[in-house]
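What follows is each chain in one-letter form.
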Amino acid sequence: MSHQQSGLETAGVMALRVHQACGGLCLFGLAAGTATKDLLAIPLILVACWRWRAVAASLGSLLSDRVVQGMIGWVTLLGASLLWSPDPAMGFEHVSAFRAMVISIALWPLMGRPGPLVAGFVAGAMVQVGVQILQWQELFGFRPGFNDRLPGLMHPIRTAGILTAASLWCLSAAATAADRRPWRIGGLLLLAVATAGGVAMTGSRGPWIGFAAGISVLSAMLLWWSPASRRRIAVGGVILLVGGAALAPLAWDFLSTRIEQARSDLAAARDGAFTTDVGFRLASYRVATELAGERPLLGHGAGSFGVEASRVAPDLEWDGITHAHSTWLTVAVETGWPSAALVLGLLSFAAFRGWRAGLSTPVAAGTVAGLVAWMVAACFDTPHHSGTMNGLLQFTLLL
């Protein structure tokens, strides 16, 4: 091998390492907070431009993927619906949440070794947990949020979604990683417990349900594809239970209050009062179903929910409300029932394909579980409208 060839190979390896480091930094920013995600994506984009040949060479396999094609179709239809939207400015804001799809192009050449990317994401999630601790102890000017919830650096629902993904990836890696050194497995389980505790302390009930669904899918996938991991699952389950029991005295008053609030809101809704948190969500579901029925094929256009809801239910306060507190119903309102069915089918297909692929990487089971958790939580909120949660979805689909 000539010195010139050796130098070129060394430069290529160094460029790949820089690309991986910038990818991990981008995922750190995605998890650590809304203010950082776009800023820390800039180095990744610059490195991807520098390595444009490698990126271009991988682009064909990315664009030929059925799930990616479906996502492009979704955002294209959403963008086209601005033409008939009563609020195109809000609609454009919703479409712009899909900008993470551009980051997917820069990340795709790195998917052969996703570990550093997931590690960057988990590190960012732990920043959220650290801030939650500061809020809980009211240190350095940090305070709990509304209803004593601990939101970290974002809206508590988004923080819960980030921490859910991190916890499931850590549990998956702890159960299936080839490196079984005790300190490594113990560290992964500690991270899983910390991020799961963070999910609980956000007080976000929809993500709680999503997390429970994700844990169920993770356990089922591990048992299906790796019966030998039953002991690891049992040990992990015991550690989670012990960790939960240790934290319960600290959090029980808060958790029970959130549960009791939901019960009280449901009781009020049965009596016709829809001004509570849960009651307003139920009213939003009813209004969204009515609106979707008015234009079932193409919907009212991106960003239309707030304007149209004020028209059909003027007795409720819709000021500042831009969605139906459900991704699936919001998609139906904006772009029609067929679109909602296709998006649900697309993500379900991605989860099924991930299940069929088995435990191809240490985070494979956590990725499928995280996608299911995202879909379940999307029944109670609209994560696709958030650049952070949309970015999490794009990254999960890449894995």
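Each residue is numbered by its place in its chain's sequence as written, counting from 1. The model is predicted, so local features are restricted to residues of pLDDT at least 70 and side-chain atom pairs to those at 80 or more, both for listing and for counting; the totals for chains, interfaces and linings are taken over all residues. Side-chain numbers here rest on the full set of heavy atoms in the structure, without hydrogens or water.

(A) Up close: the overall build of the protein chain. Helix and strand definitions follow DSSP, with helices as H or I runs of at least four residues and strands as E runs of at least two, each counted in order from the N terminus. Scanning the protein chain from terminus to terminus reveals 18 helices and zero strands. The buried label applies to any residue whose accessible area, calculated with a 1.4 Å probe on protein chains only, is under 20% of its type's maximum; exposed applies above 50%, and partly exposed to all values in between. Put simply, the protein chain has 399 residues, and 51% of those count as buried. Residues count as neighbours in contact if any of their non-hydrogen atoms are within 4.5 Å of one another. Taking the contacts inside the protein chain whose residues are at least 6 apart along the sequence as the reference set, 75% of them involve residues at least 24 apart. Computed with the Shrake-Rupley method and a 1.4 Å probe, the accessible areas treat only the protein chains shown as cover for residues. Here the protein chain displays about 18,400 Å² of accessible surface, and carbon together with sulfur accounts for 68% of that area.

(B) Broad picture of the side chain of S167. Assignment of secondary structure puts S167 in helix 9 (residues 156-176). Judged by its relative accessible area of 0%, S167 is buried. Not counting residues within four places of it along the chain, the set of residues in contact with S167 comprises A192, T195, A196 and F211.

(C) Spatial organisation of the packing of aromatic side chains. Note on aromatic contacts: the rings of Phe and Tyr and the six-membered ring of Trp form a pair at centre separations within 6.5 Å, being stacked when their planes are under 30 degrees apart, edge-to-face when over 60 apart, and tilted otherwise. Per the stated rule, a full pass over the model turns up four aromatic pairs. On the basis of an interplanar angle of 80 degrees and a centroid distance of 5.0 Å, the ring pair of W74 and F98 is categorised as edge-to-face. Residue W74 is found in helix 5 (residues 66-80), and its partner F98 is found in the loop between helix 6 (88-96) and helix 7 (100-107); the two are separated by 24 residues along the sequence. Taking the centre distance of 5.3 Å and the plane angle of 90 degrees together, the rings of F121 and W169 count as edge-to-face. Here W169 lies in helix 9 and F121 lies in helix 8 (residues 115-137), a separation of 48 residues in the sequence. By the burial criterion, F121 is buried, and W169 matches it. Among the aromatic residues, ring-to-ring pairing joins F121, W169 and F395 into one connected group.

(D) Inspection of the state of the cysteines at higher detail. Whenever a pair of cysteine sulfur atoms sits within 2.5 Å, that pair is classed as a disulfide. Within this structure, the stated rule accounts for zero disulfides. Cysteine C22 is unpaired, with the sulfur of C26 as its nearest cysteine sulfur at 9.2 Å.

(E) Layout of the confidence of the model for the protein chain. Per-residue confidence for the protein chain gives a mean pLDDT of 87; residues scoring 70 or more make up 88%. Confidence of the predictor at the level of single residues is given by pLDDT, which spans 0 to 100. The low-confidence segment residues 1-9, where pLDDT is below 50, has two contacts with residues more than four positions distant or belonging to other chains.

(F) Spatial organisation of the pattern of salt bridges. A pairing counts as a salt bridge when a side-chain nitrogen of Lys or Arg comes within 4 Å of a carboxyl oxygen of Asp or Glu. If you walk through the whole model with that rule in mind, you get five salt bridges. Of the charged contacts, one joins R311 and E294 as a salt bridge, the two residues approaching to 2.6 Å between their closest N and O atoms. With R311 in helix 14 (residues 305-312) and E294 in helix 13 (residues 277-294), this pair connects stretches of sequence that are 17 residues apart. For R311, a relative accessible area of 46% gives the class partly exposed.

(G) Geometry of the nonpolar core. Core analysis: the largest hydrophobic core is formed by 97 residues, its most contacted members being M71, L107, F121 and F305. The biggest single contributor to this core is helix 9, with 12 residues. When neighbours within four sequence positions are excluded, L107 is seen to be in contact with G23, L27, L44, L117, F395 and L398. To form a nonpolar core, buried Ala, Val, Leu, Ile, Met, Phe, Trp, Tyr and Cys residues must be joined to one another through side-chain atoms within 4.5 Å.

(H) Structural detail: the packing of helix 8 against helix 10 (residues 182-201). Inter-axis angles, ranging from 0 to 180 degrees, are taken between N-to-C directions of lines fitted to C-alpha atoms, where helices are fitted over the stretch in contact. Where helix 8 meets helix 10, the closest approach of the two axes is 10 Å, and the angle between their N-to-C directions is 55 degrees. The orientation of helix 8 with respect to helix 10, classified from their angle, is oblique. For the pair helix 8 and helix 10, the sense of crossing is left-handed. For the pair helix 8 and helix 10, the contacting residues are V122, A125, M126, V129 and Q132 in the first and L191, A194, T195, G198 and M201 in the second. Only Asp, Glu, Lys and Arg are considered charged, only Ala, Val, Leu, Ile, Met, Phe, Trp, Tyr, Cys and Pro nonpolar, and every remaining residue, Gly among them, polar. Partitioning the contact of helix 8 with helix 10 into residue classes produces seven nonpolar, three polar and no charged. Reported orientations rely on four angle classes, namely roughly parallel under 35 degrees, roughly antiparallel over 145, roughly perpendicular from 65 to 115, and oblique for the rest. Crossing handedness is read from the near helix: turned anticlockwise from the far helix by less than a right angle, it gives a left-handed crossing, and turned clockwise, a right-handed one.

(I) Main features of the environment of S58. Looking at the secondary structure, you find S58 in helix 4 (residues 52-63). The exposure class assigned to S58 is buried, which follows from its relative accessible area of 14%. As for S58 and W108, which are separated by 50 residues in sequence, their C-alpha atoms are 7.2 Å apart. Those residues in contact with S58 that sit more than four places away from it in its chain are W108 and P109. Throughout this description, a polar contact denotes any pair of N or O atoms lying within 3.5 Å of each other; where both atoms belong to protein, one of them has to be capable of donating a hydrogen while the other can accept it, and for residues adjacent in sequence the pair is counted only when both atoms sit in side chains. For S58, the side chain forms a polar contact with the main-chain oxygen of V55, separated by 2.9 Å.

(J) Structural view of helix 11 (residues 205-225). A rise of 1.5 Å per residue sets the reference length of helix 11, with its 21 residues, at 30 Å; its end C-alpha atoms lie 30 Å apart and thus fit the reference within 8%. The complete set of buried residues in helix 11 reads R205, G206, P207, W208, G210, F211, G214, V217, L218, M221 and L222. For a helix, the expected span equals 1.5 Å multiplied by the number of residues minus one.

(K) Local environment of unusual backbone geometry. Positioned with a positive phi, E138 is a non-glycine residue whose angle comes to about 55 degrees. Exposure remark for E138: the relative accessible area of 45% places this residue in the partly exposed category. Even without being glycine, F140 reaches a positive phi, approximately 55 degrees. Summarising the element assignment, F140 is placed in the loop between helix 8 and helix 9. On the basis of relative accessible area, F140 is assigned to the exposed category, the value being 73%.

(L) Looking closely at a nonpolar patch on the surface. A contiguous nonpolar surface patch, about 310 Å² in accessible area, is contributed by L39, I42 and L46. Here I42 is to be found in helix 3 (residues 41-50). Of the residues examined, I42 reaches a relative accessible area of 43% and is grouped as partly exposed. Patch definition: residues above 30% relative accessible area lacking any salt bridge, with like charges linked at up to 9 Å and the nonpolar side chains Val, Leu, Ile, Met, Phe, Trp and Tyr linked at up to 5 Å.

(M) Inspection of the environment of A123 at higher detail. Considering the arrangement of structural elements, one finds A123 in helix 8. The partly exposed category is assigned to A123, whose relative accessible area is 36%. Separated by 95 residues in sequence, A123 and F28 place their C-alpha atoms 6.2 Å apart.

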